[in-house]
Amino acid sequence: MTVRTRFAPSPTGFLHIGGVRTALFAWLFARHHGGQFVLRIEDTDRERSTQAAVDAILEGMAWAGLDWDEGPYYQMQRLDRYQAVAQQLLASGHAYHCYCTRDELDAMRAAQQARGEKPRYDGRCRDRTSPRDGVPPVVRFRTPGEGTIVVEDLVRGRVEFANADLDDLVIMRPDGVPTFHFGVVVDDADMGITHVIRGDDHLNNTPRQMHILAALGEPTPAYAHLPMILGPDGAKLSKRHGAVNVLEYREAGFLPEALLNCLVRLGWAAGDQEIFSIDEMVALFDIDGVNASAARFDPEKLRWINQQHLRGADAGRVAAALLPHYAAAGVDVAGGPPLEGVVDAYRERAATLRDIVDASHYLFGDALPRDEAAFRKHLVPAVRAPLLDLLLRLRALPAWDRAAIHAAVAAAAEAAGLGFGKLGQPLRVAVTGGTVSPPIDATLELVGQARTLARIEAALAGIAAA
RNA sequence: GCUCCCUUCGUCUAGCGGUCCAGGACGCGGCCCUCUCAAGGCUGAAACAUGGGUUCGAUUCCCAUAGGGAGCGCCA
């Protein structure tokens, strides 16, 4: 039997990184076992579902690289099917019409809680034979009242529930739209899902879904309930913790494989390995490596992981990914150095794409962002002569490459009796406007000969004026 | 309230009865390297929630307690 997993988000907002983690595990499991991954949109909450959310989910999945083999299926396009299955359950006596009003149900639950009982539907319509005027009925599932049901969870092991604790849940609304439990069960059965991999907030829902499946005569899939991921403070991950929308990570300059790498290590490990390529994740991932306890998401570690991936990523690809970030920063890269070169100079000293952009403004355009304190400290009269000497040497260079630049700087420093750094740092300030940049030879190569010479001249003029 | 789940350094984790005075990683401190920043190397501080069992022997198995979390909707 080939493995089939699914990711079934409801389109009520953006794609949350917790959702991405769930999707990732289901996707990896399918890929690892050579199976299929299905995407299903659970849009039966008509109040909250929006097309914008569907689009955001699709865009998030695409950016993350979690591709699906089937779908997206939309539950609202399968209403006839749920209707038919509900009729089947009604006919076989596994379900019944319920005419209770919301007010009645609220009152019932309030009374139960007041008595210290678990709020549950008391089955008052179970044996009702006649309709009630003016009340459109819902369909309720008739849950077995006795015995126990066991969930054999791939992550948690055997979990037993008493049927007496379960009540008769609504499976169809009066308007013919199924509720969550029913839609899930019918779809998973119809779509041949073999492994239901989802958040552990669904563990308590599993027994009722298994009962519906049994009533339908369908086999139960294997279940794997993943531990939740929490914010850095241990509370449920929310906007309060900063970015929770996957696309915000794209905007912040993270590589998708780095985000996935970070997420995959939350609740899963393969020995001591920390950095995984997508291929390695697929090769190594399996459910038996998944642990059962909740994990906190650490943005600091994500930065480190991103840096690791940045170091090994293809320069051309990173350069392309950089484009929108430069645009967002208002930097026109036309006329600047080739972006691949910028990537190679910066990949070891930046954690995100945005870090690269923020640190490299001086490479583009003619306006130089000036760190005034650095100018005062480094561009002093004492460096005027050696800087002028260096200017001449650089101006005379026939080829503008790292090695030649390095030789020129070293020669100028030696001629002036200075250490490399004594000249290098003033040079850096003059050319980049600040004290931090890649090695000075690489920096000048990227800045280009014309701009370098102009900036040194400007710096010399500044010293003379002072 | 009831039901279910979880519990190793600050954080992510390794550990599947002796190899553990508990290993790796992020972060943090120190040293080295060094033209700045990084990167890298070395190094330091830092954990088996508590109490009972089981066993010759528990971080590892069982049970309590405590602390977290989830579910109990005509939300998913």
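In this report, the structure presented in the accompanying data block is examined.

Criteria and thresholds
- By convention here, each chain's residues receive numbers from 1 onward along its written sequence.
- To label them, take the chains in the order written and letter them from A, then take the ligands in the order written and number them from 1.
- With the structure being a predicted model, the display of local features is reserved for residues of pLDDT at least 70 and the display and counting of side-chain atom pairs for 80 or more, all residues being used for whole-chain, interface and lining totals.
- Hydrogen atoms and water are omitted, and side-chain values are computed over all heavy atoms in the structure.
- Within this scheme a cavity is a closed region of a 1 Å grid, computed over the protein atoms alone, that accommodates a 1.4 Å probe without allowing it to escape, whereas a pocket is open but has protein on both sides within 12 Å along at least five of seven lines; lining residues each have an atom within 4 Å of a point.
- Grid points are joined across faces, edges and corners, and a volume is the space filled by probe spheres set on the points.
- Per the convention used, a helix needs a DSSP run of H or I reaching at least four residues, while a strand needs a run of E reaching at least two, with both numbered from the N terminus.
- In this classification, Asp, Glu, Lys and Arg are treated as charged, Ala, Val, Leu, Ile, Met, Phe, Trp, Tyr, Cys and Pro as nonpolar, and every other residue, Gly included, as polar.
- Exposure classes here rest on a 1.4 Å probe applied to the protein chains alone. A residue is buried below 20% of its type maximum, exposed above 50%, and partly exposed in between.
- The pairing criterion is simple: DSSP has to find at least two bridges between the two strands.
- Neighbouring residues are identified by heavy atoms, a residue being near a molecule or strand if any of them is within 4 Å of it.
- Each polar contact in these results corresponds to two N or O atoms within 3.5 Å; when the atoms are within protein, one needs to be able to donate a hydrogen and the other to accept it, and residues that are neighboring in sequence are counted only if both atoms are side-chain atoms.

Right, let's get into empty space enclosed by the protein. This model, assessed by the stated rule, comprises one cavity of 30 Å³ or more. Empty space within the largest cavity amounts to approximately 40 Å³. Lining of the largest cavity is provided by Val184, Val185, Asp188, Val196, Gln209, Leu213, Pro221 and Tyr223. Elements that contribute at least two residues to the lining of the largest cavity include exactly α5 (180-190) and α6 (206-216). Ranked by residues supplied to the lining of the largest cavity, first place goes to α5 with three residues. For the lining of the largest cavity, the per-class residue count stands at six nonpolar, one polar and one charged.

This part covers the pairing of strand β5 (residues 138-141). Each regular strand shows side chains that alternate between the opposite faces of the sheet. Going residue by residue along β5, you find Val138 and Arg140 tucked away on one face and Val139 and Phe141 tucked away on the opposite face as well. Sheet topology places strand β4 (residues 95-98) next to β5; four bridges connect them, and they run antiparallel. Across the sheet, Tyr96 pairs through a bridge with Arg140, a residue of β5. The sheet contact formed by β5 and strand β8 (residues 170-172) spans two bridges and is antiparallel. Bridge pairing in β8 places Arg140 opposite Val170.

Looking now at the protein's contact with RNA strand B. Around RNA strand B, 59 residues are found, and the nearest of them are Arg156, Arg173, Gly267, Glu348 and Ser437. Here the atoms of RNA strand B within 4 Å of the protein split so that 69% fall in sugar or phosphate, with bases taking the remainder. Arg296 is positioned with one of its backbone polar atoms (N or O) 3.1 Å from a phosphate oxygen of RNA strand B. Within the contact set of RNA strand B, a base nitrogen lies 3.3 Å away from a backbone nitrogen or oxygen of Ile440. Secondary-structure elements contributing two or more residues to the surface near RNA strand B are α4 (102-114), β5, β7 (157-162), α5, β12 (295-296), α10 (299-312) and α17 (420-432). The element that contributes the greatest number of residues to the surface near RNA strand B is α10, accounting for five residues. Tallied by class, the residues present in the surface near RNA strand B amount to 19 nonpolar, 17 polar and 23 charged.

Treat this as a map of the structure, not an account of what it does.
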